[in-house]
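Take a look at the letters that make up each chain.
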Amino acid sequence: MTYSGTVKVGGPADVHELTDLMISKVAVGPMNNNAYLLRCRATGEQLLIDAAAEAGTLLRLIGDDGIASVVTTHRHGDHWQALGEVVAATGARTYAGRYDAEGIPVPTDEPVEDGGTIRVGRVRLTARHLTGHTPGSVALVYDDPHGAPHVFTGDCLFPGGVGNTHEDPAAFASLIHDVETKLFDCLPDETWVYPGHGHDTTLGAERPHLPEWRERGW
């Protein structure tokens, strides 16, 4: 079946099947958070991005194979409500951006630097710090050797704009700068974007609107 990225709380996961990686997207919790389960097709190793809520839903998605690691994209509470329970059930190692780790109540085993590597089996993800929504938000870039890149942006990039910077001009300037220089300037239009809430998009769909976002300031 064709992947659409459209999911709803209480509904099934949508699965994006790539050559080396399977990406399962599910919506959980009262704030309609997205969680993403990544599975290396060569080794079967799994990684979860954002144990946001509904630990039971996430553990059923993970299944009997378990997970090696959980990455929390940023410190906001709606992205880690199920983290403690998922880690207790799976023994997974925890990753978060170095400057957000202190704001996450479950200890971070591996603070992630800008440009740092996180692996799931034979697949490599590159972390990019995007500062503004929080001090230490991270996006994860998978540069697929068989096709277009894929990027998991947390709450830093959505269809229609960057993440909420709470009307702080300095925070917005920082976030739009990081999103432009670390994502739009480095990755092609075909790059698939998986945000922390709602529908997916591509960099190509959003790129023409960057001047508009700068003009409006959010």
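Everything that follows concerns the structure shown earlier in this document.
Okay, so let's go over this structure. Note that the structure is a prediction, hence the values are computed from the model and not measured. (Residues numbered from 1 in each chain as written. Predicted model: local features only at pLDDT ≥ 70, side-chain atom pairs only at ≥ 80, totals over all residues. Heavy atoms only, no water.)

## Re the side chain of Asp155
Alright, step 1. With respect to the helices and strands, the residue Asp155 is situated in the loop between strand S11 (150–154) and strand S12 (157–158).
Alright, step 2. At 3.4 Å, the side chain of Asp155 forms a polar contact with the side chain of His197.
Alright, step 3. Excluding anything up to four places from it in sequence, Asp155 contacts His74, His79, His133, Gly163, Asn164, Gly196 and His197. (Helix = DSSP H or I, 4+ residues; strand = E, 2+ residues; numbered from the N terminus. Polar contact = N/O pair within 3.5 Å; in protein donor to acceptor, adjacent residues only side chain to side chain. Contact = heavy atoms within 4.5 Å.)

## Points about the layout of surface pockets
Alright, step 1. Space inside the largest pocket adds up to approximately 160 Å³.
Alright, step 2. If you trace the largest pocket, you find it lined by Arg124, Thr126, Arg128, Val141, Asp143, Lys182, Cys186 and Leu187.
Alright, step 3. Looking at the lining of the largest pocket element by element, the count peaks at 3 residues for strand S9 (residues 123–129).
Alright, step 4. Residues that form the lining of the largest pocket fall into these classes: 3 nonpolar, 1 polar and 4 charged. (1 Å grid on protein atoms, 1.4 Å probe; cavity = no way out; pocket = protein on both sides within 12 Å on 5 of 7 lines; lining within 4 Å. Points joined across faces, edges and corners; volume = space filled by probe spheres on them. Nonpolar A, V, L, I, M, F, W, Y, C, P; charged D, E, K, R; others polar.)

## A look at the pairing of S9
Side chains on a regular strand alternate between the two faces of the sheet.
Alright, step 1. Along S9, the buried face is formed by Val123, Leu125, Ala127 and His129; none of Arg124, Thr126 and Arg128, which line the opposite face, is buried.
Alright, step 2. In the sheet, strand S8 (residues 117–120) pairs with S9 via 4 bridges, with the strands oriented antiparallel. The residue of S9 that forms the bridge with Arg119 is Arg124.
Alright, step 3. Linking S8 back to S9 in an antiparallel pair, the connection comprises 2 residues, with Gly121 at a positive phi of about 60°.
Alright, step 4. Where S9 lies against strand S10 (residues 138–142), 4 bridges are found, and the strand directions are antiparallel. (Buried < 20%, exposed > 50% of the residue type's maximum accessible area, 1.4 Å probe, protein only. Pairing = 2+ DSSP bridges.)

## Here we look at empty space enclosed by the protein
Alright, step 1. Counting across every chain of the model gives 1 cavity of 30 Å³ or more.
Alright, step 2. Here the largest cavity defines a volume of roughly 40 Å³.
Alright, step 3. Around the largest cavity sit Asn34, Tyr36, Ile49, Asp50, Thr73, Phe152, Thr153, Gly154, Tyr194, Pro195 and Gly196, which together line it.
Alright, step 4. Every element with two or more residues in the lining of the largest cavity is listed here: strand S3 (33–40), S11 and strand S14 (192–195).
Alright, step 5. Considering each element in turn, the lining of the largest cavity owes the most residues, 3 residues, to S11.
Alright, step 6. Its residues assigned to classes, the lining of the largest cavity shows 5 nonpolar, 5 polar and 1 charged.

## Considering the pattern of salt bridges
Opposite charge on two side chains lets them pair, provided their charged atoms get close.
Alright, step 1. Scanning all chains against the criterion turns up 12 salt bridges.
Alright, step 2. In this structure, Lys25 and Asp200 form a salt bridge, with 2.6 Å as the shortest nitrogen-oxygen distance. Here Asp200 lies in the loop between S14 and strand S15 (201–202) and Lys25 lies in strand S2 (residues 21–28), a separation of 175 residues in the sequence. Asp200 shares its class with Lys25; the two are buried.
Alright, step 3. Its salt-bridge partner being Asp100, residue Arg75 comes within 3.1 Å of it at the nearest N-O pair. Remark: Asp100 occurs in the loop between strand S6 (93–97) and strand S7 (110–112) and Arg75 occurs in the loop between strand S5 (69–72) and helix H2 (83–90); sequence separation between them is 25 residues.
Alright, step 4. Given a relative accessible area of 0%, Asp100 falls into the buried group. (Salt bridge = Lys/Arg side-chain N within 4 Å of Asp/Glu carboxyl O.)

By themselves, these figures tell us nothing about what the structure is for.
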